[in-house]
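Given next are the chains, with one letter for each unit.
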Amino acid sequence: MPTRTISRRSRPSTALPDKDNFRNLPGCPPNKRASFYRSRNLHGIDKAFQEKILTSKICSVIDLRGEEERKAKEDDLSFLKENGIQYVPCGIQDILHYGDEKGLRDRLSNDYLDILFHHQDALLSVFQNLARLPKPILFHCNAGKDRTGVVAMLLLGLNDIPKEVILKDYHRTEENLPLMAKEGYIHYKGERPDFVCHAMKKTMEETIDYLLRKTSYRKYLLSLGISLKELASLSLFE
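Residues numbered from 1 in each chain as written. Predicted model: local features only at pLDDT ≥ 70, side-chain atom pairs only at ≥ 80, totals over all residues. Heavy atoms only, no water.

Caption draft 1: Looking closely at the packing of helix α7 (residues 147–158) against helix α10 (residues 217–224). At a closest axis distance of 8 Å, the pairing of α7 and α10 adopts a crossing angle of 120°. Accordingly, the angle class assigned to the pair α7 and α10 is oblique. As α7 runs across α10, the sense of the crossing is left-handed. For the pair α7 and α10, contact is made by Met153, Leu154, Gly157 and Leu158 and by Tyr217, Arg218, Tyr220 and Leu221, respectively. For the contact of α7 with α10, the class distribution of residues is six nonpolar, one polar and one charged. (Axes fitted to C-alpha atoms, helices over the stretch in contact; angles between N-to-C directions. Helix = DSSP H or I, 4+ residues; strand = E, 2+ residues; numbered from the N terminus. Parallel < 35°, antiparallel > 145°, perpendicular 65-115°, else oblique. Left-handed = near helix turned anticlockwise from the far one by under 90°. Contact = heavy atoms within 4.5 Å. Nonpolar A, V, L, I, M, F, W, Y, C, P; charged D, E, K, R; others polar.)

Caption draft 2: Representation of the environment of Met204. Within the fold, Met204 resides in helix α9 (residues 201–214). Of the residues examined, Met204 reaches a relative accessible area of 0% and is grouped as buried. For the pair Met204 and Ala143, spaced 61 residues apart in sequence, the C-alpha separation works out to 16 Å. Leave out the neighbours within four places in its chain, and Met204 touches Tyr112, Gly149, Val150, Met153, Leu167 and Tyr170. (Buried < 20%, exposed > 50% of the residue type's maximum accessible area, 1.4 Å probe, protein only.)

Caption draft 3: Inspection of the side chain of Asp63 at higher detail. Looking at the element boundaries, Asp63 is found in strand β3 (residues 60–63). Given the relative accessible area of 0%, Asp63 is considered buried. A polar contact of 2.8 Å, which involves the side chain of Asp63, links it to the side chain of Arg65. Separated by 2.8 Å, the side chains of Asp63 and Tyr87 make a polar contact. Those residues in contact with Asp63 that sit more than four places away from it in its chain are Arg70, Asp75, Tyr87, Val88, Pro89, Cys90, Gly91 and His140. (Polar contact = N/O pair within 3.5 Å; in protein donor to acceptor, adjacent residues only side chain to side chain.)

Caption draft 4: Quick look at the pairing of strand β2 (residues 36–39). Here β2 shows two buried faces, one formed by Phe36 and Arg38 and the other by Tyr37 and Ser39. Pairing of strand β1 (residues 23–24) with β2, which is carried by two bridges, proceeds in the antiparallel orientation. In the strand pairing of β2, Asn24 is matched with Tyr37. The pairing of β2 with strand β5 (residues 137–140) spans four bridges and is classified as parallel. Bridge pairing in β5 links Phe36 to Ile137. (Pairing = 2+ DSSP bridges.)

Caption draft 5: Looking closely at α7. Between its terminal C-alpha atoms α7 stretches 17 Å, which fits the 16 Å expected from 12 residues at 1.5 Å a residue. Burial of α7 is extensive: 12 of the 12 residues sit out of reach of the surface. Within α7, the full set of buried residues consists of Arg147, Thr148, Gly149, Val150, Val151, Ala152, Met153, Leu154, Leu155, Leu156, Gly157 and Leu158. Directly after α7, the chain includes Asp160, whose backbone phi takes a positive value near 60°. (Expected span 1.5 Å × (residues − 1).)

So, in structure tokens, the structure goes:
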């Protein structure tokens, strides 16, 4: 791997609101290295965001956006290549980004359920890459809220992280959205219904409750076609 040009310090703190919506998934012991991180897209990343990526020793990036989104705001592929970080596009075309928002029926959780039950081939590809790529892995969509939130929820649930911790992690994005909007990374105001512009705990709670009435996290992921060996590779820490 090429020499990384930005200094490495201790793991970055994510206690305060973060304009990049960057963090490792909760549940990793302090003495272990986190396997998975989440964030906004990697378009136009500044030195501070580059530092977060390098300090966390990210080895792979999975981009959950569709082709049109990637072309409109391409990840900083030069930065990734220079630092030996693998980049894998793995798009999920959900209702919110590629369908008719009327189909959401005023509930953002309906978008998440659409992902879970109508985009299973895409999720299979995502989780096979999460299992196979060198870790730590950073995954993201646009704001790091919806598609990223669903993937994070499944990873956390599989690792027996309590629901309240999953909801708190999801709600961290709500705390970060004002800073992201200020920086111009997201443009919600006046363009989308208000209910899709937030990351409220209730939204993810509705999603989790529906999923767990049908199945378990483990059974759901196995139903996608994930192998037992791949499933065993989805630990939150190395």
